[in-house]
Amino acid sequence: MVVPAHKDELRAAIDHSFDALMSELRAAPRSQVWRASLDGHAKDSVMSLSTLVAYLIGWNTLVLKWLAYSDAGRAIDFPETGYKWSQLDHLAQKFYADYADLDYQILLSSLDTAKTQIVEQLTARSNAQLYGGPWYGKHTLGRMIQLNTAAPYKNAAARVRRWRKTQTGRYPTICLLPRDAFTTTAPPSRTELGTTAK
């Protein structure tokens, strides 16, 4: 992924990666969205699709909090109050717990809402506000938004795509046959099928 360096590029990156992610999440079998079978965020861990979505909602909500605090001139505790950057595993657990009771469709809707709000926030800002200078450490505001939206959306979409490929063959495939396929007559011979034995 090319790192956006302009407001329009950031918006395009967020929209593109989010659409790809939602396509993957909506294609997942509903019977499997709560099963812990997806590679987790911590080494040697697993999680469900629902906890993955909860994680993304958590980060998107955090970005919105940063933006609201910045607009109000309030000090921001990065990444979140009570957590250090070295405690992201613990922060992920908080996100999982925060949204644990929500239905999968509500989780998807909540993620869509959070993403839409972030896009609205960046749309309301000028390119200079987003990329004119450092906002946190060496990072511009645009870069901080990208690191916590487009980048994780892309990562999550790839993770779900890999997971879906491993699920092939684990679920019954429905095969629709014509009614006359269930006759009591003998199956056609190779000659009738236009083939010959070798």
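One numbering rule holds for all chains: residues counted from 1, following each sequence as written. Per-residue local features of the predicted model are confined to residues with pLDDT of at least 70, and side-chain atom pairs are confined, for both listing and counting, to 80 or more; whole-chain, interface and lining totals are unaffected and use all residues. In computing side-chain properties, one takes all heavy atoms of the structure into account and sets aside hydrogens as well as water.

A.B. asks: I'd like a description of helix α7 (residues 150–166), backed by residues and values.
C.D. replies: Numbering of helices and strands runs from the N terminus, with a helix taken as a DSSP run of H or I at least four residues long and a strand as a DSSP run of E at least two residues long. Given the number of residues in a helix, its expected span is that number minus one, multiplied by 1.5 Å. Between its first and last C-alpha atoms α7 spans 25 Å; for 17 residues at 1.5 Å apiece the expected length is 24 Å, and the two agree. Only protein chains enter the area calculation, which uses a 1.4 Å probe; residues under 20% of their type maximum are buried, those over 50% are exposed, and those in between are partly exposed. Residues of α7 that are buried: Ala 150, Pro 152, Tyr 153, Ala 156, Ala 157, Arg 159, Val 160 and Trp 163. Looking at the buried positions of α7, the neighbouring elements they touch are α1 (7–27), β1 (38–39), β2 (46–47), α2 (49–72), α4 (104–123) and α6 (141–147). The contact criterion used is simple: two residues touch if any of their non-hydrogen atoms lie within 4.5 Å.

A.B. asks: Got a sec to walk through helix α3 (residues 88–98)? Specific residues and values, please.
C.D. replies: Taken residue by residue, α3 has Leu 91, Ala 92, Phe 95 and Tyr 96 as its buried positions. Projected down its long axis, α3 shows its buried positions confined to an angular sector of 145 degrees, all on one face. Counted as exposed and oriented over 90 degrees from the buried face of α3: His 90 and Ala 97. Structurally, α3 contributes buried residues whose contacts are with β2 and α2. In this description, the arc belongs to the directions extending from the helix axis to the C-beta atoms.

A.B. asks: Provide a residue-level description of the layout of surface pockets, including the pertinent values.
C.D. replies: Cavity: a set of points on a 1 Å grid over the protein atoms alone where a 1.4 Å probe fits but cannot get out. Pocket: an open set with protein on both sides within 12 Å along at least five of seven lines, its lining residues, like those of a cavity, having an atom within 4 Å of a point. Grid points are joined across faces, edges and corners, and a volume is the space filled by probe spheres set on the points. For the largest pocket, the calculated volume is near 240 Å³. What lines the largest pocket is a set of 14 residues, among which Tyr 55, Trp 59, Leu 147, Asn 148 and Pro 152 lie closest to the centre. At the level of elements, α2, α6 and α7 are the ones that each hand at least two residues to the lining of the largest pocket. Counted by class, the lining of the largest pocket contains 10 nonpolar, 3 polar and 1 charged residues. Ten residues, namely Ala, Val, Leu, Ile, Met, Phe, Trp, Tyr, Cys and Pro, are considered nonpolar, four, namely Asp, Glu, Lys and Arg, are considered charged, and the remaining ones, Gly among them, are considered polar.

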